[in-house]
Structure formats: structure tokens, C-alpha cells
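Understanding the architecture of this molecule
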Amino acid sequence: MAPITTSREEFDEIPTVVGIFSAFGLVFTVSLFAWICCQRKSSKSNKTPPYKFVHVLKGVDIYPENLSSKKKFGADDKNEVKNKPAVPKNSLHLDLEKRDLNGNFPKTNLKASSPSDLENVTPKLFSEGEKEALSPDSLKSNTSLTSEEKQEKLGTLFFSLEYNFEKKAFVVNIKEARGLPAMDEQSMTSDPYIKMTILPEKKHKVKTRVLRKTLDPAFDETFTFYGILYTQIQELALHFTILSFDRFSRDDIIGEVLIPLAGIELSDGKMLMNREIIKRNVRKSSGRGELLISLCYQSTTNTLTVVVLKARHLPKTDVSGLSDPYVKVNLYHAKKRISKKKTHVKKCTPNAVFNELFVFDIPCEGLEEISVEFLVLDSERGSRNEVIGRLVLGAVAEGTGGEHWKEICDCPRRQIAKWHMLCDG
């Protein structure tokens, strides 16, 4: 048989063909990857943002996808201000360029001396360029105030409500508060901020920034809540709590405002409203509730067993009436705290069942210098928890607290349970 021969030229053509096919494959792969990226980018821009709300400061557009088309703060803003028409002196137009370091507007001498003056002034509070609807209810304060609350004026809260049908978003703008009381007796001023909750579910809780040393804070902060249908607006209510920040202790509560949204029509555009701030706790019950505690003193091991069993008839901590209680247990020796424990949080109930046991080591013989403090608190995400009630058991405690303590000292190794009334924290 004749041998099979392959020329050198055929061997040289094979790498050339492989290189050509590899180049075509690389170009196709890069093109396919670029096409997929473009498709993802275009589909993402059409979707509603996945978060619940967007917090925007000082009048910036409420939708983050539109921020790229907005002018940046700086030189462009100055040119824009020059082109703005002059605002009348008797108008309280919110001009961002006239704020001080705290973000406050300069005080004006505009005062309404009579109801007729108030009707003339209120329509000019905001610029006429916006499509807004002014509610007649916004000119009235809460009629449910008692004579004592009217004498103690806590200021006025100004805000606006709007519903964006395109984005299916509920928009709340906290504009400002005026005439707040001074919570700091030394400086005769306050450091106010506002917490807002959408009731009744309490799922949406937001708060503004703290403005230092002012009684007329101008917040101008916008909160946009996605996923709330327009048909659900009538079933909701807004609860504003006005507080003064305190660096060294619990923040002072100035007052609150409750706005039921039933009957408020938002289909015509933005609605401007103002409400008088009323005193907190006026709707709370006088009692603090009760706590069922079981104690056992083991003299042989020198330990104290504390069981937090139940709580009942806990008062309303806010207008929704739904508390999230838990109990903090502090052990004291000679008025010095030596140990602390706490239970789990029980959601949305005034009658909580805990059934949690804690064992404390006693550093001395006997219980003469030992006391146990129980603090029932309402769990609040993103802020300091509010004390619902307090109970102290010990040798010097009064009432049922002292009686319960005497029983466990007289009967060691015996578990004794008692109900106790809670007092103010």
C-alpha cells in the first residue's frame, strides 16, 4: 500500500482556522453579555423600588431614580434663585437659602389676631406653583381639648399629605412646628424632633432629625411610603409624637398629634394641614397595670430565683392601644445594681404571658440589703423604649412588695407568687 502523506501547508492551515473560529466566538460572547446587561438595566429602571419608604430632606425630589436629572446643590441653585419671582413680604414661602445653621427659617412678625386674620393668612403659607388642596379642617384645632390643655399651649404642627397614583405611594411631608415650649430650664429652649407612626398596624415608624436649640423648628422632611393602596388610606391614622432630645437622660415628650385619615380626600393633589399639639398621656388610664411575680430564696446555695409570670391591664402607651411589653429585672445590693436580666418582647398585647425564670447569686448572707426592681417597658424600634410601670421588692419596700419579701425570707426554699400593682416609672 502507498503511504499516506500530508503536506506541510495543510498543517499550517489548521491553527489559522482555529484562531478565526475563536475570534468569532469571543466577539459573540461579549455581544451577548452586553445585551443581557442592557436588558437588566432597562427592566430595573421600570420597577418600583423594593423599600417601604424613602426619606428625603429639604425638598429634594421624592423618587431616587429622578435625582440624576435634578440640578446639584451649588452654583446652579444660585442661578435658579435669581430667576425666581419675588415673594410678597406677607408670604411664608419656604426659601431654602434663608435657613440658619439649624435649618430653621427666620422668624416673621406675621401674627393672626383674630379668626378672620387666620383665614386671610393661611392660604398664603405656601407657594402657589404647586397643585394643592387646602382642607377646611386644617384651619381648626382639635375641638376635644379640655380647658386645662388650652391654657397650656404646646405649639402647632404643620405638615402636608399627598398620594402619588403613578407610584402607588403615600407621601407625608413634616414641614415645621411653631411655638414649642422650652424643655431645658437652663437655656430656655428645646432640641426638638418628631416621630411618626402609621396606625393601626404600627409597621411604618419614622423620625426626623434633631434640630438644636429652637422653639420653631423647620424640618421640611418628606417620607414616602410605597405599597399603600389608595383604598387603604381611609382606614389609617397618623400619630405624631413631638420630643426634645436629652443627651444625659430619657428624651422629654412635648406632646402629640393624632390625624385619622377617614374623610380626607387626596385625589385632588397635595393637602396642607396644621394641628395643635396636645399633651401626651391624656388618653392613658390612671393605673399602670399589674405584674405576677414568683420568688424563692435558697438559703443553702444563697441564690434567689425570680419568675416573671404574667402582666395584665397594661395601659395604652400610644393612641393605637397596642403595646409590645417586656420586663427588665435589676438586682440591687446596698442600692448598687449588681445584675440585670430581661424577658422576651410580647407583641401587641396588654395582657402578656412571660413565664421566664432567672436565678441570681446573692453576694451576702441574708436578704436584708437586697432588693429587686422590675421595669415593664414598651419595645420601640429605632428609639428609646418607654417605661410602662415599675415595681420594687425588698425589705424596705412598701405595700405588697414588702409583704412578699418578708414571706420569702420567713419561708426559704418555698416558691411564693403574688400579683403587684405597678407604679409610675
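Residues numbered from 1 in each chain as written. Predicted model: local features only at pLDDT ≥ 70, side-chain atom pairs only at ≥ 80, totals over all residues. Heavy atoms only, no water.

1. Section: the side chain of Thr349
Among the secondary structure elements, Thr349 is positioned in the loop between strand S14 (336-342) and strand S15 (353-361). For Thr349, a relative accessible area of 17% translates into the label buried. (Helix = DSSP H or I, 4+ residues; strand = E, 2+ residues; numbered from the N terminus. Buried < 20%, exposed > 50% of the residue type's maximum accessible area, 1.4 Å probe, protein only.)

2. Points about the sheet that holds strand S6 (residues 205-207)
Taken in spatial order, the 4 strands make up an open sheet running S6-S5-S8-S9, and their pairing is antiparallel. Edge positions in the sheet fall to S6 and strand S9 (252-260), since each of these pairs with one other strand and no more. Between one strand axis and the next, the sheet turns through 20° on average, direction left out of account. Two strands pair when backbone bridges link them, and strand S5 (residues 192-199) and strand S8 (residues 237-244) are joined in this way by 8 bridges, in the antiparallel orientation. From the neighbouring strand, Ile198 faces S8, where its bridge partner is Leu238. (Pairing = 2+ DSSP bridges. Axes fitted to C-alpha atoms, helices over the stretch in contact; angles between N-to-C directions.)

3. Some details on the environment of Thr400
Within the secondary structure layout, Thr400 lies in helix H5 (residues 400-410). Taking relative accessible area as the criterion, Thr400 reaches 38% and is therefore assigned partly exposed. Along the chain, Thr400 and Lys418 lie 18 residues apart, while their C-alpha atoms are 8.3 Å from each other. One polar contact links Thr400 to His420, side chain to side chain, over a distance of 2.9 Å. (Polar contact = N/O pair within 3.5 Å; in protein donor to acceptor, adjacent residues only side chain to side chain.)

4. Describing the sheet that holds strand S12 (residues 303-312)
The antiparallel open sheet is built from 4 strands, whose spatial order is S15-S12-S11-S18. In this open sheet, the two edge strands, each paired with only one partner strand, are S15 and strand S18 (416-421). On average, each strand axis in the sheet is tilted by 25° relative to the strand beside it, whichever way the strands run. Direction of pairing for strand S11 (residues 290-298) relative to S18: antiparallel, over a ladder of 6 bridges. From the neighbouring strand, Leu292 faces S18, where its bridge partner is Trp419. In the packing of H5 onto the sheet, the strands contacted are S11, S12 and S18, and the crossing angle to S18 comes to about 170°. (Contact = heavy atoms within 4.5 Å.)

5. Looking at the UniProt feature "transmembrane region" (unreviewed entry) in the chain
Mapped onto the present numbering, the UniProt feature "transmembrane region" (unreviewed entry) falls at residues 17-38. Secondary structure within residues 17-38 divides into 100% helix and 0% strand; the distance between the first and last C-alpha atoms comes to 32 Å. (UniProt positions renumbered as here; feature names shortened; annotations may be inferred.)

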